[in-house]
Amino acid sequence: SESDYFVEYLLKVPLLSCETDNDDLLTLTCGQEHPVLQDMLALHDKIVRGPLYSKHVVRKGSDASITYPTDNSRYHQLLCFLPGLVALGVSANKDVNGEDEFALAEALVQGCHDMYTQTTTGLGPEEIHIYRAGPDQISIFEGNRSYLLRPEYIESLFIMYRLTGKEEY
């Protein structure tokens, strides 16, 4: 956490600053006149495709369709920006086959949703500790169960809906 805004804006600043095709708003054209924006996109891709898979996700048992965004085995409500960020990155980078990354974005948004459905109030917790109890099991321990009206999960749902058109989002 804490660096999430940096990673988020490595993608969002070019999305807002580069030219887009009117037919496809996510097709970016950052020509040579925008070397800083090109560097931002490259750094975003390096960060998201590198440690994200190995250090910052915990799958719900053997079900790969539900994956929790984590930081040091802690789920934070703030990390629910990640599914939307990964999906936007795939959509913006047309040069890369992003099927695996988009599947990860879908699994991460399901993980955020799962945190909401596991509570009696239907509100996702601020922070929960997640540990692997075995190869196909996880244990969720108490954490900060407060709800601070964070928009990250809703933002990811909005992005996923706009990119896929699926009503479930």
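For the structure given in this document, a descriptive report is provided here. Values in this document were obtained by computation on a predicted structure and should not be read as measured data.

Here is what the cut-offs are and how they apply
Residues numbered from 1 in each chain as written. Predicted model: local features only at pLDDT ≥ 70, side-chain atom pairs only at ≥ 80, totals over all residues. Heavy atoms only, no water. Disulfide = S-S within 2.5 Å. Helix = DSSP H or I, 4+ residues; strand = E, 2+ residues; numbered from the N terminus. 1 Å grid on protein atoms, 1.4 Å probe; cavity = no way out; pocket = protein on both sides within 12 Å on 5 of 7 lines; lining within 4 Å. Points joined across faces, edges and corners; volume = space filled by probe spheres on them. Nonpolar A, V, L, I, M, F, W, Y, C, P; charged D, E, K, R; others polar. Axes fitted to C-alpha atoms, helices over the stretch in contact; angles between N-to-C directions. Parallel < 35°, antiparallel > 145°, perpendicular 65-115°, else oblique. Left-handed = near helix turned anticlockwise from the far one by under 90°. Contact = heavy atoms within 4.5 Å. Buried < 20%, exposed > 50% of the residue type's maximum accessible area, 1.4 Å probe, protein only. Pairing = 2+ DSSP bridges. Salt bridge = Lys/Arg side-chain N within 4 Å of Asp/Glu carboxyl O.

### Digging into the state of the cysteines
A complete count under the given rule lists one disulfide for this structure. Bridging Cys80 to Cys112, the disulfide has an S-S length of 2.2 Å. Residues Cys80 and Cys112 are joined by a disulfide whose S-S torsion is about -110°; by sign, that bridge is left-handed. Of this pair, Cys80 sits in the loop between β5 (74–76) and α4 (82–92) while Cys112 sits in helix α5 (residues 99–117), and the two are 32 residues apart along the sequence.

### Things to note about empty space enclosed by the protein
Applying the stated rule across the entire model yields two cavities of 30 Å³ or more. What the largest cavity holds in volume is close to 50 Å³. Around the largest cavity, the lining residues are His44, Asp45, Val48, Arg49, Val86, Gly89, Val90 and Glu101. Where the lining of the largest cavity is concerned, the elements lending two or more residues are α2 (35–49) and α4. When residues of the lining of the largest cavity are assigned to their parent elements, the largest contribution, four residues, is made by α2. Of the residues contributing to the lining of the largest cavity, the split by class is three nonpolar, two polar and three charged. In this model, the second largest cavity occupies a volume close to 30 Å³. If you go around the second largest cavity, the residues you meet are Glu8, Lys12, Phe81, Gly84, Leu85, Leu88, Glu155 and Ile159. Of all the secondary structure elements, the ones that give two or more residues to the lining of the second largest cavity are α1 (4–17), α4 and α6 (152–164). Counting residues per element, the lining of the second largest cavity draws most heavily on α4, at three residues.

### Some remarks on the packing of α4 against α6
Relative to each other, α4 and α6 sit at 30°, their axes nearing to 7 Å. In terms of axis orientation, α4 runs roughly parallel to α6. Seen from above, α4 lies across α6 with left-handed handedness. Between α4, through Leu82, Pro83, Gly84, Ala87, Leu88 and Ser91, and α6, the contact on the second element is made entirely by Ser156, Ile159, Met160 and Leu163.

### Overview of the environment of Ala92
By secondary structure assignment, the location of Ala92 is in helix α4. Judged by its relative accessible area of 13%, Ala92 falls in the buried class. With 81 residues separating them along the chain, Ala92 and Leu11 place their C-alpha atoms 8.7 Å apart.

### Here's the deal with the pairing of strand β3 (residues 57–60)
As paired strands, β3 and strand β4 (residues 63–71) are joined by four bridges and run antiparallel to one another. By the bridge assignment, Val57 is partnered in β4 with Pro69. In sequence, β3 turns back onto β4 through a hairpin of two residues, with Gly61 there showing a positive phi of about 60°.

### So, α4
Counting buried positions along α4 yields 11 of 11 residues, so the element is predominantly enclosed. Within the sequence span of α4, burial applies to Leu82, Pro83, Gly84, Leu85, Val86, Ala87, Leu88, Gly89, Val90, Ser91 and Ala92.

### With respect to the pattern of salt bridges
One pass over the full model with this rule turns up three salt bridges. Glu127 is paired through a salt bridge with Arg74; the nearest N and O atoms lie 3.1 Å apart. With a gap of 53 residues between them, Glu127 in strand β6 (residues 127–134) and Arg74 in strand β5 connect regions that are remote in the sequence. Look at Arg74 and you get partly exposed, because its relative accessible area is 26%. For Glu106, the salt bridge identified is with Lys166, shortest N-O distance 3.0 Å. Within this pair, whereas Glu106 is found in helix α5, its partner Lys166 is found in the segment after α6, the two being separated by 60 residues in sequence.

That is the geometry; function is a separate question.
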